[in-house]
Every structure is written in C-alpha cells, then in structure tokens.
Amino acid sequence: MTAGISAKQVLVGTRAKVFLAGEEIGFWTNFSATITPNYDDVFVGSDVDRTEVSWTGEGSLSHQVTNSIGPKLYNKLKNSRGLRFEIEAEIASDDTGEVQSMTIPGVTFDSIPLANWAKGEVVTAEMGFRFPASKVQFPQLING
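Residues numbered from 1 in each chain as written. Predicted model: local features only at pLDDT ≥ 70, side-chain atom pairs only at ≥ 80, totals over all residues. Heavy atoms only, no water.

1. Looking at the packing of aromatic side chains
Operational definition: The pairing test for Phe, Tyr and Trp rings, Trp by its six-membered ring, is centres within 6.5 Å, and the orientation test on the planes gives stacked under 30 degrees, edge-to-face over 60, and tilted for anything in between. Strands are runs of DSSP state E lasting at least two residues, helices are runs of H or I lasting at least four, and both sets are numbered from the N terminus onward. Counting as a charge over the ring demands two things of the Lys NZ or Arg CZ atom: a distance within 6 Å of the ring centre and an angle within 35 degrees of the ring normal.
Scanning all chains against the criterion turns up 4 aromatic pairs. Relative to Phe 129, the ring of Phe 31 has its centre 6.4 Å away and its plane inclined at 20°; by these criteria the two rings are stacked. Residue Phe 31 is located in strand S3 (residues 27-44), and its partner Phe 129 is located in strand S7 (residues 124-131); the two are separated by 98 residues in the primary sequence. Ring centres of Phe 109 and Phe 129 lie 6.3 Å apart, and the angle between their planes is 70°; this geometry places the pair in the edge-to-face category. In this pair, Phe 109 is assigned in strand S6 (residues 99-109) and Phe 129 in strand S7, connecting sequence segments 20 residues apart. Three or more aromatic residues joined by ring pairs make a cluster, and in this case those are Phe 31, Phe 85, Phe 109, Phe 129 and Phe 131. Here the basic side chain of Arg 50 rests over the ring of Tyr 39, its NZ or CZ set 3.7 Å away from the ring centre.

2. Examining helix H1 (residues 69-79)
To keep it simple, the criterion reads: Relative accessible area decides the class of each residue, using a 1.4 Å probe on protein chains only: under 20% of the type maximum gives buried, over 50% gives exposed, and in between gives partly exposed. By construction, the arc corresponds to the directions joining the helix axis to the C-beta atoms. In what follows, residue pairs with any heavy atoms lying within 4.5 Å of each other are defined as contacts.
Regarding H1, the residues found buried are Ile 69, Gly 70 and Leu 73. Burial along H1 is one-sided: seen end-on, the buried residues are contained in an arc of 100°. Looking at the packing, one finds that the buried side of H1 touches strand S1 (17-20), strand S2 (23-24), strand S4 (47-64), strand S5 (85-92), S6 and S7.

3. Remarks on the confidence of the model for the protein chain
Let me state the cut-off plainly: On a scale of 0 to 100, pLDDT captures the predictor's confidence in every residue.
On average, residues of the protein chain carry a pLDDT of 85, and 88% of them reach 70 or more. Highest mean pLDDT in the protein chain belongs to S4 (93); lowest belongs to S1 (78).

4. Considering the side chain of Ser 62
Position of Ser 62 among the secondary structure elements: in strand S4. Taking the relative accessible area as the measure of exposure, Ser 62 reaches 13% and is therefore buried. Excluding residues that lie within four positions of it along the chain, Ser 62 makes contacts with Trp 28, Thr 29, Asn 30, Ala 125 and Glu 126.

5. Some points on the pairing of S3
Our working definition: Each pair of strands is called paired provided DSSP finds at least two bridges between the two strands.
Pairing of S3 with S4, which is carried by 17 bridges, proceeds in the antiparallel orientation. Paired with Asp 41 across the two strands is Arg 50, which belongs to S4. Where S3 folds back on S4, the antiparallel hairpin that results is connected by 2 residues, among which Gly 45 adopts a positive phi of roughly 65°.

And the structure:
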C-alpha cells in the first residue's frame, strides 16, 4: 500500500449500483469503463512522433442475472435498429459515505446475452460495450 493510505480509505465495490436504460442490472460482479487515446504517426524531421486523433470508450459489465434484462434489450433492439443505451454507475466510499457516479450515454453492445444457464448454478452474464468517450459525465466525485 502507498504511504498515507489506509485500507479503510480504499474504495470497495460492495455498495456499487449499475443501471442500464434506467433499470438496475442484477447483482453486478464487475464493471469497467476505459478511455483509450488513439494516435497517428507523424514525421518530425528524422523522428517519428505521434499525434492524438481520437478517443475510444470501451467497457464490460458482468452480473448475476436477477431479471430478464438480456431478452428485454434484444426486444428493444430488434424493433429499433441503431438504438443506444445509457449506463449509470455509482460506487460509495465505506470510509466517508461519499459517492462517485458516472453516466455513459450512447452505449452500444458488442453482444447481448440471452441465456447462459447451468443446472444448479447462479446465472451470470457479461456484456461488452462501446461508447463515445467525449460524452461521459461524472455528476459526483469522491474528494480525497
């Protein structure tokens, strides 16, 4: 651990919530969203440098299935091609109770799980997605 940070101050996802199109997504087990800068090579004299040309937003959402969100998304998409969704996510600090939240509009999915069932096991699903990086918002941030 870094000096000056206690275990109590570290964010733990036990109180996180994830909403997709306004509906809470089961019991999430993993949520990630990443922004990746994209570059083109440029020549500067005899050197090759790079210049930023765009950003890509990608993420994934894993959850224990508690409702029919996959089939509901499929039904929405098959009746309205090109439909985009919004993900709202938040995590709370167990130390201070502060909340960090993010809103990701313009989400498109790489795939939508309809069924992945095994007898006697908890049903889980994973959904990869992409989004326009410039549209991400952070209504609340945790001070620290």
